[in-house]
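Letter by letter, the chains look like this.
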Amino acid sequence: MAYFSATQLQTLSWTSSINPNVTYRTPKLLFYPKPLRVSFSSSNVETTTLTKDSSTTTLRELCYGHVQEHVIRRAEEVGYVIPTEVQLQALPFLFSGRDCVLHAQTGSGKTLAYLLQVLSVVDSQRSAVQALIVVPTRELGMQVTKVARMLAANPSEHESGLKSCTVMALLDGGMLKRHKSWLKAEPPTIVVATIGSLCQMLEKHILKLDTCQVLVVDEVDFMFNSSKEVSSLKRLLTSYSSSKNRQTIFASASIPQHRRFLYDCMQQKWTRADVVHVHVNSVEPMPSCLHHRFVVILS
Ligand SMILES: Nc1ncnc2c1ncn2[C@@H]1O[C@H](COP(=O)(O)OP(=O)(O)OP(=O)(O)O)[C@@H](O)[C@H]1O
């Protein structure tokens, strides 16, 4: 049995401080902006000189050759022009097909990072579920579905005669009866699901995941901390499709014991052994205190 010590796990961790002496050797990242401080927990670090400034790398440049033009255009139309730090760091790994743990603060842009990867992989002409995004709550599921549908919408669909990518929201409290008929008639390309509704569909064999190429688990720390969801989630990660045949992406704002989590990912075969931990630290730390002010309005 292979044994990995916690120190052998590959962890990429960026901060905004610049250390010109430490970078790393992944060739895909050579266009990277400024020298970034990249810490590996192994001693596998090499020095390279990076030239281009991060402020000049656009989302279009990052996505070029991976994401369809209409998706990039749609993203630009809604204002996604410059990648956030986590998108800048994660997208080259995601596009290369590596399993990733996206670990960055709330609002840092993890959702867009994994949705761009999902949209780069799926083929809307195939009638099969190709990506599954598991979320802890209905509210988050609705938000993710909205962004996915917005990005996937193809305005030239009618002229080209090509089918658009379809996104199903399989969420707790939703109309599962309607979803059953939809799944039977024509499988959607992407499914966004809460674990409860998803398991119902899987157990009844209405939904099959053998064609799933990308599995995303959002708010993974929340899911693993919920006693109600954890066993179903573990089953999902190991039973319905194998980590060899799919790309697995975990996203979370906080993973308190991330080394332990990465170790489990490999040991339990939730991911492949070369899973990448993309850890973007907050550029602006939380303020140490808050000032409260109030105004008295005299009537
Ligand atoms: N490249 C970008 N340019 C401009 N805005 C962006 C970009 N990427 C994401 N956003 C916006 O930033 C906000 C937060 O993004 P998002 O929801 O993807 O963050 P997140 O890291 O997934 O947060 P959470 O941990 O809460 O799920 C959203 O309003 C999104 O539209």
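The structure we're discussing is the one just above.
The numbering scheme is per chain: residues are counted from 1 as the chain's sequence reads. Under the rules for a predicted model, residues below a pLDDT of 70 receive no local features and side-chain atom pairs below 80 are neither given nor counted, while totals for whole chains, interfaces and linings still include all residues. Computation of side-chain values: all heavy atoms of the structure, hydrogens and water removed.

## With respect to a nonpolar patch on the surface
Where we set the bar: Like charges within 9 Å and nonpolar side chains (Val, Leu, Ile, Met, Phe, Trp, Tyr) within 5 Å are joined into patches, using only residues over 30% in relative accessible area that form no salt bridge. Note that accessible areas follow from Shrake-Rupley with a 1.4 Å probe, and for residues the cover is restricted to the protein chains shown. By salt bridge we mean one thing: a side-chain nitrogen of Lys or Arg within 4 Å of a carboxyl oxygen of Asp or Glu. Helix and strand definitions follow DSSP, with helices as H or I runs of at least four residues and strands as E runs of at least two, each counted in order from the N terminus.
Judged by side-chain polarity, Phe 294, Val 296 and Leu 298 come together as a nonpolar surface patch covering roughly 430 Å² of accessible area. Within the fold, Leu 298 resides in the segment after strand S9 (276-280).

## Quick word on the packing of helix H7 (residues 176-185) against helix H8 (residues 195-203)
Heads up, the rule is: In this analysis an axis means a line fitted to C-alpha atoms, helices contributing only their contacting stretch, and an angle means the value between N-to-C directions, from 0 to 180 degrees. In what follows, roughly perpendicular refers to angles from 65 to 115 degrees, roughly parallel to angles under 35, roughly antiparallel to angles over 145, and oblique to any angle outside these ranges. What makes a crossing left-handed is the near helix being turned counterclockwise from the far one by less than a right angle; a clockwise turn instead makes it right-handed. Note on definitions: a residue-residue contact is assigned when non-hydrogen atoms from the two residues lie within 4.5 Å.
Contact geometry for H7 and H8: axes closest at 12 Å, N-to-C directions at 50 degrees. It follows from the interaxial angle that H7 and H8 lie oblique. Crossing of H7 over H8 shows right-handed handedness. Contact residues: Leu 176, His 179, Lys 180 and Leu 183 in H7; Ser 197, Gln 200 and Met 201 in H8.

## Some points on helix H3 (residues 85-95)
For the record, the criterion: Only protein chains enter the accessibility calculation, which uses a 1.4 Å probe; a residue is then buried when its area is under 20% of its type maximum, exposed when over 50%, and partly exposed in between.
The element H3 is extensively covered by neighbouring structure, given that ten of its eleven residues are classed as buried. Looking at H3, one finds that the buried residues are Val 86, Gln 87, Leu 88, Gln 89, Ala 90, Leu 91, Pro 92, Phe 93, Leu 94 and Phe 95. Gly 97 occupies a position one or two residues after H3 and carries a positive phi of about 95 degrees.

## Thoughts on the site of the ligand
Just so we agree on the cut-off: Note on terminology: near, applied to a residue and a molecule or strand, indicates that one of the residue's heavy atoms is within 4 Å of it. Counted as a polar contact is a pair of N or O atoms within 3.5 Å, where, for protein atoms, one must be capable of donating a hydrogen and the other of accepting one, and residues adjacent in sequence contribute only when both atoms are in side chains.
Tyr 80, Ile 82, Gln 87, Lys 110 and Thr 111 are the nearest of the 15 residues found near the ligand. Within the contact set of the ligand, an oxygen atom lies 2.9 Å away from a backbone nitrogen or oxygen of Gly 107. Here Lys 110 contributes a side-chain N or O atom positioned 2.8 Å from an oxygen atom of the ligand. When the ligand sits alone it has 640 Å² of accessible area, and the protein chains cover 69% of it. Per element, the largest residue contribution to the shell around the ligand is three residues, and it comes from helix H4 (residues 110-121).

## Considerations on the packing of aromatic side chains
Note the threshold: Two aromatic rings, drawn from Phe, Tyr or Trp (for Trp, its six-membered ring), form a pair once their centres lie within 6.5 Å of each other, and the interplanar angle then sorts them: stacked below 30 degrees, edge-to-face above 60, tilted otherwise.
Here the structure, examined in full by the defined rule, presents four aromatic pairs. Centre to centre, the rings of Phe 224 and Phe 261 are 5.7 Å apart; their planes meet at 70 degrees, and the pair counts as edge-to-face. Of this pair, Phe 224 sits in helix H9 (residues 220-225) while Phe 261 is found in helix H11 (residues 258-267), placing the two residues 37 residues apart along the sequence. Per residue, the accessibility class of Phe 224 equals that of Phe 261, and both read buried. Here Phe 261 and Trp 270 contribute two aromatic rings whose centre-to-centre distance is 6.3 Å and whose plane-to-plane angle is 40 degrees, an arrangement assigned as tilted. Both residues of the pair, Phe 261 and Trp 270, belong to the buried class. These aromatic residues form a ring-pair network of at least three members: Phe 224, Phe 250, Phe 261 and Trp 270.

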